Amino acid sequence: MEIITVCGMGFGTSLMLKMTVDDILAKEGIKAEVSALDAGSAKGRTADLIMASADLESALEGVEIDKIYIHNLTDDDEIEKKLLGYLNQNG
Amino acid sequence: MIYQALSQNTILLNESVIDWREAAKKAGEPLLDNQSIKKEYIADMIESVHEFGPYIVIAPGIALFHARPEGNVNEICLSLLTLEKPIEFGAGEKDPVDLLFALGAVDHDSHLQLMAELMKILKDGQLVERIRTATDAKKVLEMIKKKLEE
């Protein structure tokens, strides 16, 4: 499975999100490739899932990949709950 | 890593600003003074918020200014700014903001360790609260050092 974490520039919040997502996946024993990308590059990519800050919703409009939006990027519980919820439904 | 980037000179506490643009300038100043960035980078940090909206408000009350390096960042750098009066970013429930960072990165991932350390600090709610109300930069550095040694 391939997950891309997205932020405006591809090395700030997307990197933070990638680190948290990597930790959650490792803890759960789920294998996935996670890459941090900027919003522009994400538009031309294929992946199974996009994770991004809720503020980027409009920037990612029209991208035909499932998306999870995160409100608080320092809240591990929010990220874990949303990610595992998605994986349970779609995995 | 974060302990090398942050120093008493790059921690500004209990400052007053009129809006988030002035906060970006204020947070960028010490990085300009120690020649970690060129002045264009501060304008770019402000432009990034115009371009992508207030997503740099990463958690309630906390913002991380940054921009594409574009040759305007000389070395990985970070500053910390707390505000006497919180400011609005138009970030909804995450407003108002009173703890801000300015991050300069030179490429896509060489600041990974710095980001990991910053995350570790920001995920400790009690520590964040103590940084928010701190008045002594030296003490903030000590708190951060202690946390990262855990």
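Residues numbered from 1 in each chain as written. Chains lettered and ligands numbered in written order. Predicted model: local features only at pLDDT ≥ 70, side-chain atom pairs only at ≥ 80, totals over all residues.

**Focus: the overall build of chain B**
- A tally of helices and strands in chain B yields 6 helices and 5 strands.
- Starting at the N terminus and walking to the C terminus, you meet the elements of chain B as α-β-α-α-β-β-β-β-α-α-α.
- Rg of the C-alpha trace for chain B: 14 Å, near the compact-globule value of 15 Å for 150 residues, within the 12% margin.
- Seen along its three principal axes, the alpha-carbon backbone of chain B occupies a region of about 35 × 30 × 25 Å.
- For chain B, the proportion of its 150 residues judged to be buried stands at 40%. (Helix = DSSP H or I, 4+ residues; strand = E, 2+ residues; numbered from the N terminus. Rg over C-alpha atoms; globule rule 2.2 N^0.38 Å. Buried ≥ 20, exposed ≤ 12 C-beta atoms within 10 Å, placed from the backbone.)

**A short note on the sheet that holds strand E2 (residues 57–59) of chain B**
All names here are of chain B.
- With mixed pairing, 5 strands are arranged side by side in an open sheet as E1-E4-E5-E3-E2. Strands with a single pairing partner mark the edges of an open sheet, and in this sheet they are strand E1 (11–15) and E2. For this sheet the average axis-to-axis angle between neighbouring strands, irrespective of direction, equals 20°.
- Inspection of the sheet shows E2 paired to strand E3 (residues 62–65) by 2 bridges, in the antiparallel sense. Each bridged residue has a counterpart across the sheet, and for Val57 the counterpart in E3 is Ala63. (Pairing = 2+ DSSP bridges. Axes fitted to C-alpha atoms, helices over the stretch in contact; angles between N-to-C directions.)

**With respect to the confidence of the model for chain A**
- Of the residues in chain A, 99% reach a pLDDT of 70 or more, and the chain-wide mean stands at 94.
- Put simply, helix H2 (residues 39–43) of chain A is where chain A has its lowest mean pLDDT, 89, and strand E4 (residues 66–70) of chain A is where it has its highest, 97. (pLDDT = per-residue confidence, 0-100.)

**Considering the nonpolar core**
- In terms of nonpolar packing, the biggest core is built from 75 residues, with A:Val6, B:Ile58, B:Ala63, B:Phe65, B:Leu100 and B:Phe101 touching the most fellow members.
- It is strand E5 (residues 97–104) of chain B that contributes the most residues to this core, 6 residues altogether. (Core = buried A, V, L, I, M, F, W, Y, C linked by C-beta atoms within 7 Å.)

**Remarks on the interface of chain A and chain B**
- Tallying the contact residues gives 19 residues for chain A and 24 residues for chain B.
- Broken down by element, the side of chain A that touches chain B gets its largest block of residues, 4 residues, from helix H1 (residues 13–28) of chain A.
- Taken together, the residues of the side of chain A that touches chain B break down into 9 nonpolar, 7 polar and 3 charged. (Contact = placed C-beta atoms within 7 Å. Nonpolar A, V, L, I, M, F, W, Y, C, P; charged D, E, K, R; others polar.)

**A word on the sheet that holds strand E3 (residues 49–53) of chain A**
Residue and element names in this part refer to chain A.
- Reading across the sheet, the 4 strands line up as E2-E1-E3-E4 and stay open at both edges, with parallel pairing between neighbours. Of all strands in the sheet, those bounded by a partner on one side alone are strand E2 (33–38) and E4. For this sheet, the mean angle separating the axes of adjacent strands, direction not counted, is 25°.
- Of the pairings in the sheet, the one linking strand E1 (residues 2–7) to E2 comprises 6 bridges and is parallel in character. What sits directly across from Val6, in E2, is Leu37.
- Of the strands in this sheet, E1, E2, E3 and E4 are in contact with H1, which crosses E1 at around 145°.

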